[in-house]
Amino acid sequence: MLNSLTYLSTRHLLALITVITAILVAACGGGDPDVRIRPVAGAGDGTPDPAGTADPNTTAEPTVDDQPVELPFAPANRVSGGLLVAEYLAGGLGDIEGCLPELVRDWELEPVAGLRCASADIDADGRDELVYAVSVPGDPAPPGDVWFFDDAESGYRLFTSARVLANEVLAGVNIEAVVDLTGDGSPEAVISNQTCDGERCSVGFVIASAHRGFAVEDLAPSDLVASSTEGLAFEDGSDDQLADLLVRRDADSEDPAAGPQRASTLVASWSGLRFRVDDEPDSPEFLIHLVEDADEAYRSGDLEAATDLYLQAAADISLRDWKAEQGQRAGRFELQPYSLFRAALAAQRQGDPATAMQLLERAFNDHTNSLHGQAAGIYVQALKDGNAASTACTASESYLKTLVSFYEEAWDYGFANPGHEIETLCR
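The text that follows walks through the structure, step by step, so that each part is easy to find. (Residues numbered from 1 in each chain as written. Predicted model: local features only at pLDDT ≥ 70, side-chain atom pairs only at ≥ 80, totals over all residues. Heavy atoms only, no water.)

1. Points about the overall build of the chain
Within the chain, the secondary structure is distributed over 12 helices and 13 strands. Burial analysis of the chain (427 residues in total) assigns 39% to the buried set. Taking as baseline every contact in the chain between residues at least 6 positions apart, the subset at least 24 positions apart corresponds to 47%. Counting every atom, the chain has about 23,200 Å² of accessible surface; 53% of that belongs to carbon and sulfur. (Helix = DSSP H or I, 4+ residues; strand = E, 2+ residues; numbered from the N terminus. Buried < 20%, exposed > 50% of the residue type's maximum accessible area, 1.4 Å probe, protein only. Contact = heavy atoms within 4.5 Å. Areas by Shrake-Rupley, 256 points an atom, 1.4 Å probe, with all protein chains shown as cover.)

Pasting the structure below:
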């Protein structure tokens, strides 16, 4: 009996020693160094692997779910449903080449005037991303967004949207084009959107670009705003061998108080660091706008061009006279002598006093009954009396200041056109 107890105690002791030894070996880093302690899962949902097929010596890499995903029901806020669409795209059932017509149908998306979708390598990683426009019913402009999905290899991850890039809620959204505007070989997505105040709407833009080499960002300048996208074009409007964004800016004649207005073209061109916007007006339809072109050339120091434009304004009888059309005294009666006066000043500054004197006398003799004709006569007389040009200018200004209300009325062409101060006539 004693021997049996001794035998059992010895056997139990040996077993205990074996267990302790195994624990110590494990604690000291013994065994296979590639073994990692991790949960054993079957279908990836945390359930145990009953068949014991999981390999304990490998670590599973994350993979895109390649299981088919049916198009989900439209969420309450369809514009914010991009994540649901990303999962659907990754499931492989989406008609991407057809721009997801099933999404348009089942989610009841509004039609878009621009592109519904486009595939392009926006982030310059060598693989095409999917750019997709979504809009829902709304008045006066339907709320919308443009989703940017990563390439197929990345599981169509939703990585940004036009709303995120613009940092504001958007409406009336359209993908206008996917085109390289910065010359780096990767295209920008040009997206228009509407901002409405009552029934009046203006159009702004998002230029989604990865040009700076970081995340996609909006490079659109804040002054790139138009009344519509009619006539939108992508051409080299600045002669820099790069495509520019050209936006028509129509004359808005709805408010009579604005005065005569002039259509123009906004040219957004890449400067190497940012987009610059130049407003290039159409050829003048009204005489006042030709005079403004001459004034602009004069202020910029291009005196030769200013002289030519002033002389054209002094002689042109084909351009419309806005004041006459409003039933007022014809504006041509003051714009023509003003143009001769300013052409004389340009000649004077170019070192041609003879031509200057000739033009001043013409302004006075041909337009005696005008404010600017009388001012030109006073200027001429001061010069003939041996005074300096600055003294002659002061004399002309002093005369006009006695008739300031008439002078202001002569230059009142509505709030859309610049006014003229007496102090700017000859200085």
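2. Here we look at unusual backbone geometry
Apart from glycine, the bulk of residues carry a negative phi angle, and the bulk of peptide bonds sit in the trans form. With omega at 5°, the peptide bond leading from Asp139 into Pro140 counts as cis. As for its position among the elements, Pro140 is in the loop between strand S2 (129-135) and strand S3 (143-149). If you check the backbone angles, Asn167 has positive phi at about 60° while not being a glycine. Here Asn167 shows up in the loop between helix H4 (162-166) and strand S5 (170-171). For Gln241, which is not glycine, the phi torsion reads 70° and is therefore positive. The residue Gln241 is located in the loop between strand S10 (233-235) and strand S11 (244-249) in this model. For Gln241, a relative accessible area of 71% puts it in the exposed group.

3. Focus on the state of the cysteines
Counted under the stated rule, the structure contains three disulfides. One disulfide bridge connects Cys196 with Cys201, the sulfur atoms lying 1.9 Å from each other. Across the S-S bond linking Cys196 and Cys201, the dihedral sits near 105°, which makes this disulfide right-handed. Cys201 sits in the partly exposed class, given a relative accessible area of 26%. (Disulfide = S-S within 2.5 Å.)

4. Comments concerning helix H8 (residues 332-349)
A rise of 1.5 Å per residue sets the reference length of H8, with its 18 residues, at 26 Å; its end C-alpha atoms lie 25 Å apart and thus fit the reference within 8%. Burial runs high along H8: 15 of the 18 residues are buried. (Expected span 1.5 Å × (residues − 1).)

5. Quick look at the environment of His367
In this structure, His367 sits in the loop between helix H9 (353-366) and helix H10 (371-384). Between the C-alpha atom of His367 and that of Gln336, which follows or precedes it by 31 residues, the distance is 8.2 Å. Once residues lying within four places of it in the same chain are set aside, the contact partners of His367 are Phe333, Gln336, Pro337, Leu340, Arg362 and Gly373.

6. Regarding the environment of Cys426
Within the secondary structure, Cys426 sits in the segment after helix H12 (404-410). Residue Cys426 is classed as buried on the basis of its relative accessible area of 7%. Between the C-alpha atoms of Cys426 and Glu397, which are 29 residues apart in sequence, the distance is 8.4 Å. If sequence neighbours within four positions are ignored, Cys426 has contacts with Phe341, Arg342, Leu345, Arg349, Tyr379, Cys393 and Glu397.

7. Overview of the nonpolar core
With 43 residues, the main nonpolar core has Phe341 and Tyr379 as its most contacted residues. Residue assignment for this core shows that the elements contributing at least two residues are helix H5 (287-300), helix H6 (303-315), H8, H9, H10 and helix H11 (389-401). With near-sequence residues (within four places) excluded, Tyr379 lies in contact with Phe341, Leu345, Gln348, Leu360, Ala389, Ala392, Cys393, Ser396 and Cys426. (Core = buried A, V, L, I, M, F, W, Y, C linked by side-chain atoms within 4.5 Å.)

8. Overview of the sheet that holds S10
The sheet built from four strands is open, its strands ordered S10-S11-S12-S13 with antiparallel pairing. What marks the edges here is a single partner per strand, and that holds for S10 and strand S13 (275-281). Each strand of the sheet is rotated relative to its neighbour by a mean of 30°, with strand direction disregarded. Bridging between S11 and strand S12 (residues 264-270) involves five bridges; their strand directions are antiparallel. Pairing of Val247 across the sheet is with Leu266, part of S12. (Pairing = 2+ DSSP bridges. Axes fitted to C-alpha atoms, helices over the stretch in contact; angles between N-to-C directions.)

9. Focus on H10
With 14 residues, H10 ought to run about 20 Å at 1.5 Å a step, and its terminal C-alpha atoms sit 20 Å apart, in line with that. Looking only at H10, the buried set comprises Leu371, His372, Gly373, Ala375, Ala376, Gly377, Tyr379, Val380 and Ala382. Tucked inside the fold, the buried residues of H10 contact H8, H9, H11 and H12. Directly beyond the C-terminal end of H10, a positive phi value near 90° is found at Gly386.

10. Remarks on the packing of H8 against H9
Geometrically, a packed helix pair is captured by the angle between its two axes and the distance between the axes. It is at 8 Å that the axes of H8 and H9 come closest, and there the two elements cross at 170°. Put simply, H8 runs roughly antiparallel to H9. Where H8 crosses over H9, the two elements pack in a sense that is left-handed. Where H8 abuts H9, its residues Pro337, Leu340, Phe341, Ala343, Ala344, Ala347 and Gln348 lie against Thr355, Ala356, Leu359, Leu360, Arg362 and Ala363. The residue inventory of the contact of H8 with H9, partitioned by class, reads 10 nonpolar, two polar and one charged. (Parallel < 35°, antiparallel > 145°, perpendicular 65-115°, else oblique. Left-handed = near helix turned anticlockwise from the far one by under 90°. Nonpolar A, V, L, I, M, F, W, Y, C, P; charged D, E, K, R; others polar.)

Don't take any of this as a statement about function, it's just geometry.
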